[in-house]
Amino acid sequence: MLLVTICVGSSCSIRGSDELASEIQRFIEKENLADSIEIVGAFCMDACSKGVSIRVGERQFSGILPEDAESFFYREIMSCIDGQAEGKQND
Ligand code: FES
């Protein structure tokens, strides 16, 4: 299970963390990955910026905007899922 943690602290909230979470959830459903990815919220990650802070597994990003959701999902989240799948094949 890949954990995607989205900051819901005040700075990130006003920059669209709810909308970003909804968009990412939409792509998770579109790709049929509800059993592989879990979205959770977190308070301030000490990385306030002009966008939303988000953690994918152990990697943290900041400055992500809701309109970046699609590119972020495929670039940073799907690549982790693909990596996990490849890891399983090699086990
Ligand atoms: S409120 Fe999100 S990193 Fe500070």
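Above this text sits the structure in question.
Residues numbered from 1 in each chain as written. Predicted model: local features only at pLDDT ≥ 70, side-chain atom pairs only at ≥ 80, totals over all residues. Heavy atoms only, no water.

**Q** Teacher, can you tell me more about the sheet that holds strand E1 (residues 2-7) here?
**A** Strand order in this open sheet of four strands is E2-E1-E3-E4, and the pairing throughout is mixed. Among the strands making up the open sheet, the edge pair consists of strand E2 (37-42) and strand E4 (59-64). Taken pair by pair, the neighbouring strands of this sheet meet at an average axis angle of 20 degrees, ignoring direction. In this structure, strand E3 (residues 52-56) lies alongside E4, joined through four bridges in antiparallel fashion. Among the inter-strand pairings, Arg55 is bridged to a residue of E4, identified as Gln60. Docked against the sheet, helix H2 (residues 17-30) engages E1, E2, E3 and E4, running at close to 175 degrees with respect to E2. (Pairing = 2+ DSSP bridges. Helix = DSSP H or I, 4+ residues; strand = E, 2+ residues; numbered from the N terminus. Axes fitted to C-alpha atoms, helices over the stretch in contact; angles between N-to-C directions. Contact = heavy atoms within 4.5 Å.)

**Q** What should I look at first to understand the environment of Ile39 in this one?
**A** Along the chain, Ile39 turns up in strand E2. The spatial distance from the C-alpha of Ile39 to the C-alpha of Ile6 is 7.2 Å, given a sequence separation of 33 residues. Sequence-distant contacts of Ile39, that is, excluding residues within four places in its chain, are made with Val4, Ile6, Ala21, Ile24, Gln25 and Ile28.

**Q** Could you clarify how one ought to interpret H2 in this entry?
**A** An α-helical segment advances 3.6 residues per turn. Residues three or four places apart therefore align on the same side. For H2, built from 14 residues, the straight-helix expectation of 20 Å at 1.5 Å per residue is met to within 8% by its first-to-last C-alpha distance of 20 Å. Three or more residues of H2 are buried, namely Ser17, Leu20, Ile24, Phe27 and Ile28. Projected down its long axis, H2 carries its buried residues within an arc of 105 degrees, all on one side. Along H2, exposed side chains directed more than 90 degrees from the buried face belong to Asp18, Glu29 and Lys30. Asn32 lies just past H2 and shows a positive phi near 60 degrees. (Expected span 1.5 Å × (residues − 1). Buried < 20%, exposed > 50% of the residue type's maximum accessible area, 1.4 Å probe, protein only. Arc of directions from axis to C-beta.)

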